[in-house]
Structures are given as C-alpha cells and as structure tokens.
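Residue-level structural notes
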Amino acid sequence: MKAIDIKLWRDLARLRAQVLTIAVVVAIGVAGFVGMFSVHASLQSSRDAFYRDNRLADVFAAVKRAPLSLRERLATVDGVAEVKLEVLFDAQVDVAGVDAPVTGRFIGLDLARVHAGRQGLNALTLKSGRWPEADGTLEAVVSDRFAVARGLSPGDTARAILNGKLERVRVVGTVATPEYVFATRGGAPDDAYFGIWWIDAERMAHAFDMDGAFNQLALRLDAGATADAVIERVDRLLEPYGAIGAVARDEQMSAQIVDDELAQLKVMGTVLPAIFLAVAMFILNVVLSRQVATQRGQIAALKALGYGDGAIGWHYVKLAIVVAGIGVVAGLALSVVIGRLMLGLYDEVFRFGRLAYVTTPWLVGVSAVISAAAAALGAWTAIRAVVRLKPAQAMQPPAPPVYRPTLVERLGFGRHVGAAALMVIRNLERRPLRAALTVTGIALAVALQISGAFWLDAIAHIVDVQFRQVQQGDVLVDFHQPVSTTVVRELRRLPGVIDAEGYRMEPVRVRLRGRAEDTLLSGFAPDAQLMRVVDEQRGAVAMPAQGVVLSGLLARALDARVGDRVEVEFRLWNRTRAEVEVVDVVHTMFGKQLYMALEAMNRLARDGDGVADAALQVDPRRMGEFWAAVKAAPAINAVFDKAGTMVAFDETTSRNMGVFSGILTVFAIAMAVGIIYNAARIALSERAWELASLRVLGMTRGEVSVLLLAELGAELLLALPVGAALGWALATLLMRLMSSDNIDFPVVIEPSTYAVAALTVLAAGVASALLVRRHVDRLDLVAVLKVRE
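First, a word on scope: everything that follows refers to the structure included in this document. The model shown is predicted, which means the values in this text are computed figures rather than measured ones. Residue numbering note: each chain is counted from 1, following its sequence as written. It should be noted that, the model being predicted, local features are given only for residues of pLDDT at least 70 and side-chain atom pairs only at 80 or more, the latter also being counted only at that level, while totals for whole chains, interfaces and linings use all residues. Calculation of side-chain values draws on the structure's entire complement of heavy atoms; hydrogens and water are dropped beforehand.

A closer look at the side chain of Glu501
Residue position: Glu501 is located in strand 13 (residues 497–512). Residue exposure (1.4 Å probe, protein chains only): buried if accessible area is under 20% of the type maximum, exposed if over 50%, otherwise partly exposed. Charge assignment: positive for Lys and Arg, negative for Asp and Glu; neither His nor the chain ends contribute. Salt bridges are defined by distance alone: a side-chain nitrogen of Lys or Arg within 4 Å of a carboxyl oxygen of Asp or Glu. It is Arg492 that comes nearest to the buried, bridge-free Glu501 among opposite-charge side chains, at 6.8 Å. Nitrogen and oxygen atoms within 3.5 Å of one another constitute a polar contact, given that in protein one can donate a hydrogen and the other can accept it, and given that sequence-neighbouring residues count only through two side-chain atoms. A distance of 3.0 Å separates the side chain of Glu501 from the backbone nitrogen of Gln529, its partner in a polar contact. Only heavy atoms enter the contact rule, under which two residues are in contact if any of them lie within 4.5 Å. The residues touching Glu501, leaving out its near neighbours within four places in the chain, are Val488, Asp527, Ala528, Gln529, Leu530, Met531, Asp613, Ala614 and Ala615. The way it works is that DSSP assigns letters per residue, a run of H or I at least four long becomes a helix, a run of E at least two long becomes a strand, and they are numbered from the N terminus.

Okay, here's the thing in structure tokens:
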C-alpha cells in the first residue's frame, strides 16, 4: 500500500466522529431519495399492472338516461375499441351495528359475463367469497376497503333503499376494482361511510326503472387514438340524453387521486434529499478545509517525495468519497426500512393487490453518483488552493490573518461589551462566510422539521374550514332528483332536528371566451348557515341575489374576472343555457365550482322551485331517534354523517402524517447534530492553542468551554428565525409543487410548530455541545502548547 493511501486510512480513523456525522447526513439524503423513489416506482408499477390486468377504461361518461341501442353508434366512433354500459345509483344502506346509515353506490353487474370470465372493462377482482347469483335474495359483492372498514364478510346482510323501496341485500363477496381504488363522492375518500355495491344488472335496472337504458359509460380506445377527439364525439352523441360530460382516465376521480399521490411522493423524494446532500457537501468542505490547513507540512513532504498536485488532490477527494460511500451504504440500508414502512401505509390506502418494495439499480447508481459528486465538489473547493503550492511554500505556516477592529468596536460599543463576548464577535466577523453557512445549515434543519410537521397543521385547518365553517350542519342528505322545498319543512319534523336548510348542486358546463369547464353549480339561500361558502380570507360569503360567484380555481382556469358574463349550461333535467354575470370570486381550497343564490339558480334552471340536498342540525342527545327516522325515509337517497366522517378522517390522516412527520423530525435532528458537532470540533481544533493558553493563565474548564461554545450558541440563535422563514418558504414550495387544478391548499403553520422545531434543534445543539465539551475537558495542555499551528 502506498504511503499516501496509508495516510488516507489514518486520517479517516482520526476523524472518525466527524466522518460518522457527515456519513449520517449523506445516508439520510440517500435514504430519502432512494426510499421515496423506490416507493413511487413500486406503487406506479403495481398501479399500472392493476389497471392493465383489470382493463381500466380510457374514457368515462355519465348521462341522465340513454337507450342501450346507443351502443352501436358509440362503437363506431373513430378511436373507440370497446364499449361498456352500466346503470349506477347511490342509495342509503343500513348496515347492522352502525347507527348512521351509510351511502352505497349500486352498480349493475352482468352476471352471465362474470361467470363466463368475460367481465370486460373495469373488471372486478374477487378478494373473498363468491360472485352473486341472479335468483333468490338480492346478492352483492362490495368494495373490499368498505368491507374492512365496516367489518363485513360474506354471509352478512344489509338493508338498502333502492329507488324508494327497501331491499334486503346479502353480501356474498368482496372485490377490488381499478375504477374505485379511492371510493369518494367528490371529496376525501371515506371507506367507512361510502362503499361500492355490485348487484345483478337486470334487477338493478328494474329497481331504478332503467330497463333498456344506461346512465354510465366506459370506453377503451384504440392504440394511438386521442382521448380529446373521442370525448368530443361522445359528448355530441350523449348530449340529447342529459350528458354530464365525458372525461379521460387522468380526470376520473379515483385515478386522479392516485396520480396526485404519486406526484406528491416524487416531489418529496426530490426536494428533501437535495437539502441533505447540499448540507453534507458544506460540512465536508469545512472539515476538509481545516484538515488541509493543518496538514500543510505533510502536503509539502508528499510533494518533496514526488507526488504531484493531481495525486495529492485525488487523495483528499478520495477521503471525501469514502465518507460519502459510507453514507451511501448506510443510506441504502435505511432506505429499505423507510421504504417498507411507507409502502405499508400506502398498501392500506391503495390495495392494488400486488405491492412489493423494489429498489431499481438505476436509483442505487444515481444516488451513488450524486453523493460522490457532491463530496468531490465539496472536497475540491476546500483543497484546490493549497495543493497547488510549491513544497517550500507549503512548508511555511499560512500567512497570519489581517486583524482589524470589529464593527462593534468601530462604532464605539466595544468598551460596553465583555471580553468573552468580544472574542465571539471577532470570530464571527472574521469568518463571515463560514458563519453564514453554519447558520444556513442549522436553519435548514429547523426548516426541514417545520416542513414535516406543518402537514398536521394544514390538515387541522382543512378539517376546521370544511367541517366547522363550510359544513356547519351535523348531517347532509341527498335526494335522487330535485324535490319541492316543502321537503325541508318535513325534515325539520324528524326527531331531534333543530334546523334544516335546503340547497342544490347540479352539474353544469361553464364557458367564457372559448374556454369551457365541466363543474358543479351550487345554490344556497342568502342567509344559509348550515351549508355555506367560505372564503379563505374573508370568511363566510353571502350569496348575492343576482349573478354567479366563481371559486378561485375556476376563475383561474377560465381567466375570468368580476364583471365577465359566463355561459352556464345545465347538463341534467331541462338542460337550459343562460348567460350570467360574475359578481364575485372566492378563494376556496377544493374544486372549480360556481355558486349562486338558490332562487336565482332555480330561475336559471327553469325546472321549478326545488332543492336536491339539505343540511340538518341535530340534537346530539337524540341522534339514535333521528337515524332510525332517516333509515325509514325512502326519499333520502344518500346521507353524510359529519361526526363519523371526521373521526375516520382523523384516524387515517393523523397516523399517516404522524409517521411522516416523525421520520422528518429524526432526520432534522441528525442534520442539526451533524452541522453543530462538526462546527464545534473544527472550532476546537483551530482554537486549541488559544484555549490551552487561557487554561494555563488560570481560566477554568467551564470558562474555556463558554468561550468556545458561545460562538456556536450565537450561530444557533441566529439560525432559529432564519430557519422559521426557510421553513415557511419550504412549506410554500412543497404546497405549490403538489398543487393541482382542483386543489389549492393554503400554507398554515401554527406557532407551536415553529416552537417545537426551534426547541428540537436547540436540544440537538446542546447535546452536540456537551459532546464537544468533553474534548475541551480532556485537552493535553503540554502537547497543545508545544507547537503553535
């Protein structure tokens, strides 16, 4: 082994504590990058296989009622390879052991094709039990996520109100389908209160008076066909029958939620690891700068022995690469732990069927190359000046720095500052770049923890706005079609109902200057309290008597402003069109929506004075009586129980976000320790002669430690407000990168989140300082004072 290689291993052994802390930071960056991208790749491959095996459709459409004879015309549309027609309706379901009724989406299932193994598009995968039979008691297979949430198994029975008639339904199996990876009625997925039920297609059509008709359409396209062209033709064919508007797969509700989750995972796997690798590069730069400065004599000796600039430079770069290599190996091992943990959480959510954690070779290669490149860059910027020195120059100590009075002294405040504090100020001012980078590194640790914890604040804000400000009612009920407003008075007579308000939500197409969007138009009473529109800045917004109010997301999509006149086309019932003035724009978090006064909306729709939904305030002491009455009300099509949904939402999101936040907190602590410990060790090595001299002059270990660590404490305190600002900026960046056309979450960070992040990093700093304090106590005064570096 060459002498220079022996020196490499000796340097690694002597710097083992600092090597370990730097390797930990590199390992975290590698683990985040490889782990998150491996989870992304595993989920994506499982999703693609699930979609392919179960033949998820390329285009989806809903219609009020269209004849089955339309199949032939749909099949002749250029680009259409396969057509599937279905009947679908929502209904309330009474599940044994559950006080509140749940909402079931009932879909007709062609049992002959199922038993023959020819399901066609959006095929079901049987998870347990068997397929339904056509004769006897009405049988159903249900979505497995709903079955798990409600403890349903084959053989259980439930009662459902199908088009006003109470039916007994026996569960004979559970299934999974790519069409409902996430089952939702338009909001957040809710497995406990919304499930999918497939029953015999003929009995389904008969129950809902849909014999010879359909109201749902799925299409598979030919290879190379464009969805937009097909959608345009399909919409024209379905328009006379009350079409809601066809959408491509990427806009289908469940598929869109899956795609958004994967996109967010990729963002997290890119932004956060980049921070760790940048910090590792900075620490390596500082450590190697000090290492090279203390080894000028060794560098001169190596040059005298014939080693060139390139060989010496490569020696120090190799040291950095070895440190990075240790971090890469540890990071790859850690990535498996983190990846499997995250994949387990996603498995409970996605349930694709085949979900296995796989790390691809390209991820390992890319992480190794990026880490090595960052390490080499950090090393080269530290050594490039010294390795170019001639042997005679390198043998000489570096030129002493030029000292001058600090800014505090020049301003005349020096006499008011103690000697110890003045020493700290001088060290900070004479190495401003290093101090700034140390402050930035510690601030990034604070920011990282904030970026992990603020999700809990954001979710709490979403729950508060949606469930306490927008939906102030306890229960929402939905009718199959618009009904007379007298129904609201009947709802007020139900047991326990304190108040009830009717409102209406209808699918519409809105146009402006050549742009068009399919969305929902909601009509509320001007004085609505139980269900209302809430602006993020202004709070509750009363509906104007005339005109339409646009959500911020819809206004952005249409490039609409107050005063514009938009065309609103109702897609169901009378299918009327009218122009209406935009009178306000409200900033909401979800969806591209329009809002109007209920009376104005009914005039616009020209189908009478009706409501399609109602919000109810119920006495919590009489909820049992109320639910019993609702289950016996055939006109109520679907029910939303706010309290139950909030509990289920909190349980799922709090656990998943808690795990994610916990991982980032541990990572932030590791980063803070790595930065602070290395900064303290470097300061100790640079000031060992000075500190030893002060010890000889009579200062105690504690007083000497204060002189060393006070500078670090000042940098730590300076980093806290900077970290808070960076945390907000990082949270804002993540929100912007994860936003979509239908979601606009505000950045909400509670003061407690800032406080916890600051205290956590402070604690990490104190722990690091105590570790370095032990080295101060063990200074060999005689050895240190022998030679002045």
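There is more to say, and it comes next.
Looking at a negative patch on the surface
A grouping of Asp110, Glu202, Asp209 and Asp211 is seen on the molecular surface, where their side chains present a negatively charged patch. Locating Asp209 in the fold gives a position in the loop between helix 6 (201–207) and strand 10 (213–221). Like-charged residues are merged into a patch within 9 Å and nonpolar side chains (Val, Leu, Ile, Met, Phe, Trp, Tyr) within 5 Å, provided each residue has over 30% relative accessible area and no salt bridge. Areas reported as accessible are Shrake-Rupley estimates using a 1.4 Å probe. Residue values count occlusion only from the protein chains shown. Taken as the charge centre is NZ of Lys, CZ of Arg, CG of Asp or CD of Glu, depending on the residue.

A few points about unusual backbone geometry
Of note in this structure, Asn163 is not a glycine but carries a positive phi near 55 degrees. Residue placement: Asn163 occurs in the loop between strand 7 (157–162) and strand 8 (165–176). Positive phi, close to 55 degrees, is recorded for Asp559, a residue that is not glycine. Structurally, Asp559 can be placed in the loop between helix 17 (552–558) and strand 18 (565–570). Asp559 sits in the partly exposed class, given a relative accessible area of 34%.

As for the side chain of Lys642
Of note, Lys642 is situated in helix 20 (residues 642–696). The charged side chain of Lys642 is buried without a salt bridge, its nearest counter-charge being Asp474 at 4.7 Å. For Lys642, the side chain forms a polar contact with the main-chain oxygen of Phe467, separated by 2.8 Å. Within the structure, the side chain of Lys642 is placed 2.9 Å from the backbone oxygen of Gln471, a separation counted as a polar contact. Look past the residues within four positions of Lys642 in its chain and what remains in contact with it is Phe467, Gln471, Gln472, Gly473 and Asp474.

Topic: the sheet that holds strand 10
At least two DSSP bridges between two strands are required for those strands to pair. Taking strand neighbours across the sheet as the criterion, the four strands line up as 2-10-1-11 in an open arrangement whose pairing is antiparallel. Either end of the sheet is taken by a strand with one partner, and the two such strands are strand 2 (80–86) and strand 11 (247–248). Of the strand pairs in this sheet, strand 2 and strand 10 are connected by six bridges, and their pairing is antiparallel. Counterpart to Glu82 in the pairing with strand 10 is Arg220. Against the sheet, helix 7 (residues 227–238) engages strand 1 (59–67), strand 2, strand 10 and strand 11, with an angle of about 160 degrees to strand 10. Orientation is described by axes fitted as lines to C-alpha atoms, over the contacting stretch for helices, and by angles from 0 to 180 degrees between their N-to-C directions.

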